[in-house]
Amino acid sequence: MTANGMKRHWKCILLGLLFCLPAYPDKKKGLSEPLFGKVHAAYSVTSSELKGAVFYLVSGHGGPDPGCIGRYNGKELHEDEYAYDIVLRLGRELLRRGATVHFIIQDAKDGIRDEAILKNSKRETCMGKTIPLNQVARLQQRCQAINGLDKKASGTYRRAVFVHVDSRSRGKQTDVFFYHAKGSKKGQRLAKSLQSTFTAKYNRHQPNRGFRGTVSERDLYVLRNTTPVGVFLELGNIQNARDQQRLVLADNRQALANWIAQGIVSDFKAKK
């Protein structure tokens, strides 16, 4: 496919993605979250779909660890920056639906960004605390942050969502994969709800492509050592040119956030 053809291809996909959310009447205005940045800080609660639900959102890596690194048009793509941007967008969607949201990894400067190349920094903290260089210490720190908050949380629907980007060979195109802790029925149900939502969206917007993202158990440290039900997402292969479009196009990052939010809403409704 030519460069112009590829551009038209993704433009057509985006036209569908932009209209994947239902419209709700404004119910509560004047709210603000500084982490979203000046442009996107203000938001309104537009529904009560997730009233009573509590979320702990964790973008992978951060601080001294950029995570996976890909190359796009001669520039580096750092996993932690894209995971963080999508987590902020997801958190905004959950807040708009009436949920309580805790951002475990935070950057006081980088809010929601619309650029294709998100510049790397080491400013990220774990709720204000310096992120350690040691991997086990990093994971322990974010698990402790989640568990500390969860002890004080009320409500029966409390979920931890971990967002990462994978790295494989350049020729390996992947879909979004969903992991849950071993033996976690609720984690499996949430992961399957997300998978079902993505499958429906792909069937609608790319009917000839299909969706091949799977749900599976993984013995991951963060899933094993946090008290709320958890789900772990791998959003694509940062080395693959097609998967990179999922990351570098701001509208596609927003679509990912929208679809994850919708999958969560479906799971929340199913638990009643």
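Residues numbered from 1 in each chain as written. Predicted model: local features only at pLDDT ≥ 70, side-chain atom pairs only at ≥ 80, totals over all residues. Heavy atoms only, no water.

What about the sheet that holds strand S8 (residues 125–126)?
Basically, it comes down to this: For two strands to count as paired, DSSP must find a minimum of two bridges between them. Helix numbers and strand numbers start at the N terminus; a helix is a DSSP run of H or I with at least 4 residues, a strand a run of E with at least 2.
Here we have 3 strands laid out as an open sheet, ordered S7-S8-S9, and antiparallel in their pairing. Because the sheet does not close on itself, it has two edges, and the strands there are strand S7 (105–106) and strand S9 (129–130). Sheet analysis places S7 next to S8, joined by 2 bridges and oriented antiparallel. Looking at the pairing, Ile-105 lines up with Cys-126 of S8.

Some remarks on the pairing of strand S6 (residues 100–103)
The side chains of a regular strand alternate, residue by residue, between the two faces of the sheet. For clarity, the threshold we go by: Here the term buried applies to any residue with accessible area under 20% of the maximum for its type, exposed to any over 50%, and partly exposed to those in between, with areas from a 1.4 Å probe on protein chains only.
Along S6, the buried face is formed by Val-101 and Phe-103; none of Thr-100 and His-102, which line the opposite face, is buried. Two strands pair when backbone bridges link them, and strand S3 (residues 54–59) and S6 are joined in this way by 4 bridges, in the parallel orientation. Bridging across to S6, Phe-55 finds its partner in Val-101.

Observations regarding the packing of aromatic side chains
Inclusion rule: Only rings of Phe, Tyr and Trp enter the pairing, Trp through its six-membered ring, and a pair is recorded when the two centres are within 6.5 Å. The plane angle decides the type: under 30 degrees is stacked, over 60 is edge-to-face, the rest tilted. Should the NZ of a Lys or the CZ of an Arg lie within 6 Å of a ring centre and within 35 degrees of the ring normal, that charge is described as sitting over the ring.
Applying the stated rule across the entire model yields 12 aromatic pairs. Ring geometry for Phe-36 versus Phe-103: centroids 5.7 Å apart, planes at 90°, classification edge-to-face. Of this pair, Phe-36 sits in the loop between strand S1 (28–32) and strand S2 (42–45) while Phe-103 sits in strand S6, and the two are 67 residues apart along the sequence. Judged by its relative accessible area of 0%, Phe-36 falls in the buried class. Relative accessible area serves as the criterion here: at 4%, Phe-103 is assigned to the buried category. Ring centres 5.0 Å apart and planes at 45° place the aromatic pair Tyr-202 and Phe-211 in the tilted group. Taken as a pair, Tyr-202 and Phe-211 share a single burial class, namely buried. Among the aromatic residues, those joined into a ring-pair cluster are Phe-178, Phe-198, Tyr-202, Phe-211 and Trp-259. Sitting over the ring of Tyr-157, Arg-159 keeps its end group 3.9 Å from the ring centre. Across the ring face of Phe-177, the terminal group of Arg-168 is positioned such that the distance to the ring centre comes to 5.4 Å.

Let's talk about the sheet that holds strand S12 (residues 215–217)
Keep this limit in mind: Axis lines are fitted through C-alpha atoms, for helices just across the contact stretch, and the angle between N-to-C directions can take any value from 0 to 180 degrees. The contact definition used throughout considers only heavy atoms, calling two residues in contact when any of these lie within 4.5 Å.
Strands sit in the order S6-S3-S10-S13-S11-S12 across an open sheet of 6 strands; the sheet is mixed. If you trace the sheet from one side to the other, it starts and ends with S6 and S12, each paired once. Direction aside, the axes of adjacent strands within the sheet are offset by 25° on average. Sheet topology places strand S10 (residues 158–166) next to strand S13 (residues 229–237); 7 bridges connect them, and they run parallel. Each bridged residue has a counterpart across the sheet, and for Phe-162 the counterpart in S13 is Phe-232. With respect to the sheet, helix H2 (residues 79–96) is in contact with S3, S6, S10 and S13, its orientation differing from that of S3 by roughly 165°.

Examining the packing of helix H4 (residues 185–205) against helix H7 (residues 250–270)
As a reminder, the rule being used: In these notes the angle categories are as follows: under 35 degrees is roughly parallel, over 145 is roughly antiparallel, 65 to 115 is roughly perpendicular, and the rest is oblique. Definitions for this section: a left-handed crossing has its near helix turned counterclockwise from the far helix by less than a right angle. A right-handed crossing has that turn clockwise.
Direction vectors running N to C along H4 and H7 enclose 130°, while the axes themselves pass 8 Å from each other. As summarised for this structure, H4 and H7 are arranged oblique, according to the angle between their axes. Classified by chirality, the crossing of H7 by H4 is right-handed. Touching Arg-189, Leu-190, Ser-193, Leu-194, Thr-197, Phe-198, Lys-201, Tyr-202 and His-205 of H4 are Leu-256, Trp-259, Ile-260, Gln-262, Gly-263, Ile-264, Ser-266, Asp-267 and Ala-270, all from H7.

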